[in-house]
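Fold and contact review
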Amino acid sequence: MGINEDKPIVPFPEDVEFGLGMNPIKDEWRHPEKAKYAWDFMLPENTPLYATKSGKVLQVKVDSNLQGSEKLDEIIGTDPEMKKKFKEGTNFIIIDHGDGTYSDYEHLKYDGSEVVEGEDVVKGQVIGYSGNTGYSDAPHLHFEIFELTKKGDPKHLNKIRKTRSIPVNFKNMIPYMEKLVDRFGENKAPSDIVDYLASMYGVGLESNAKTDKKGPGGLEKITGIVSIISFAASLLFLTGITGNITGVSKNNFYGSIFTGLGLIFAGFWLFLKNSTKTKK
Ligand SMILES: [Zn+2]
């Protein structure tokens, strides 16, 4: 699929603080199975949204004024009509990438489109603005890339739309992680969010999560251990504990050799420790 050669970019500016609508601790994702790879980016309303890849605008619907609510669940209750009303009150843009994949941007603000249907867009172009319309419990962008499961209509609000979200591996997610806060914008993202994303989406984030979690590299670990063993051995010899085995006269000799080895490996260890730090 074209998606690997042409990785999508994150759909909003890098300096925007954002959250993720998910709970990695409970392993809860907010979406049904067919949208399971969708991202919910908690964004301030009116955040400019980028085309993540080039393509053609398939559908634009930004005529809804219906605002989402923190109390969405309460408001809807068990009323299917209310649910339908909020679903249909969601503004969105769909872009056809021409390779069998489509980008779907939802909950845009009222009148929040910079593009019209049929227009060609290039990666990075501002296509609209985020909001909190329709089936939404807080300002956010629902973003997914989907493909069709059967011959159907990729357009929204069509009963025969059969789509399946696919994992999105953003080309440039890592710098954004600096701006990741929790859902309500209070705390820095805990590392388990990063780990969760890594397990969910792989490569791009995995490298980020690993540098933080892995700690010392293999060689660094080995040199550290060898230096500790050497120092321990030199201590044994110098204090004469091993006297019975080696004879008193040899204790100082072995002792100094192991002290030397300990110093050499400790030096190595310090060197590796610092060089891995600067590589980050
Ligand atoms: Zn969503």
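Computed from a predicted structure; not experimentally measured.

Calculation rules
- Residues numbered from 1 in each chain as written.
- Predicted model: local features only at pLDDT ≥ 70, side-chain atom pairs only at ≥ 80, totals over all residues.
- Helix = DSSP H or I, 4+ residues; strand = E, 2+ residues; numbered from the N terminus.
- Buried ≥ 20, exposed ≤ 12 C-beta atoms within 10 Å, placed from the backbone.
- Expected span 1.5 Å × (residues − 1).
- Pairing = 2+ DSSP bridges.
- Core = buried A, V, L, I, M, F, W, Y, C linked by C-beta atoms within 7 Å.
- Contact = placed C-beta atoms within 7 Å.
- pLDDT = per-residue confidence, 0-100.

**Here we look at unusual backbone geometry**
Not every positive phi belongs to a glycine, and Asn46 is a case in point at roughly 75°. You can see Asn46 is positioned in the loop between strand S4 (39-42) and strand S5 (48-50). Owing to 12 C-beta atoms within 10 Å, Asn46 belongs among the exposed residues under this scheme. For His107, which is not glycine, the phi dihedral falls at a positive 70°.

**Digging into helix H6 (residues 218-238)**
Over its 21 residues, H6 runs 30 Å from end to end, which matches the ideal 30 Å to within 8%, given 1.5 Å per residue. Positive backbone phi, at 80°, marks Gly240, one or two positions downstream of H6.

**Some thoughts on the environment of Val168**
By secondary structure assignment, the location of Val168 is in the loop between strand S12 (163-166) and helix H3 (173-176). Considered as a pair, Val168 and Tyr37 are 131 residues apart in the sequence and their alpha carbons are 7.1 Å apart.

**Looking at the pairing of S12**
Burial of S12 is one-sided: the residues Thr163 and Ser165 facing one way are buried, the residues Arg164 and Ile166 facing the other way are not. Two elements, strand S11 (residues 141-148) and S12, share four bridges in a ladder whose sense is antiparallel. Bridge pairing links Ile145 to Ile166 in S12.

**Overview of the nonpolar core**
In this structure, Phe12, Phe41, Leu49, Ile93, Ile95, Tyr105 and Leu141 are the most contacted members of the largest nonpolar core, which totals 30 residues. Residue assignment for this core shows that the elements contributing at least two residues are S4, S5, strand S6 (55-61), strand S7 (92-96), strand S8 (101-106), strand S10 (126-129) and S11. Not counting residues within four places of it along the chain, the set of residues in contact with Leu49 comprises Pro11, Phe12, Tyr105, Val126, Ile127, Gly128, Tyr129, Ser130 and Leu141.

**Things to note about the confidence of the model for the chain**
Looking at the chain, pLDDT values average 81 and 76% of them are 70 or higher. Note that residues 276-280 has pLDDT below 50 and, in this model, three contacts with residues that lie over four places away or in other chains.

**With respect to the pairing of S8**
S8 sits mainly inside the fold: six of its six residues count as buried. Judged by which residues are buried, S8 turns out to be covered on both faces: Thr101, Ser103 and Tyr105 on one side and Tyr102, Asp104 and Glu106 on the other are all buried. In this antiparallel pair of consecutive strands, S7 and S8, the connection spans four residues, and Gly98 shows a positive phi of 80°. Bridge count for S8 against S11 is six bridges, and the pairing is antiparallel. Bridge assignment links Tyr102 to a residue of S11, and that residue is Phe146.

**Focus: the environment of Gln59**
Tracing the sequence through the fold places Gln59 in strand S6. Judged by the 19 C-beta atoms lying within 10 Å of it, Gln59 falls in the partly exposed class. On a C-alpha basis, the gap between Gln59 and Val116 in space is 7.8 Å, while along the polypeptide they are 57 residues apart. Ignoring anything within four residues of it in the chain, the contact list for Gln59 reads Ile94, Glu117, Lys155 and His156.

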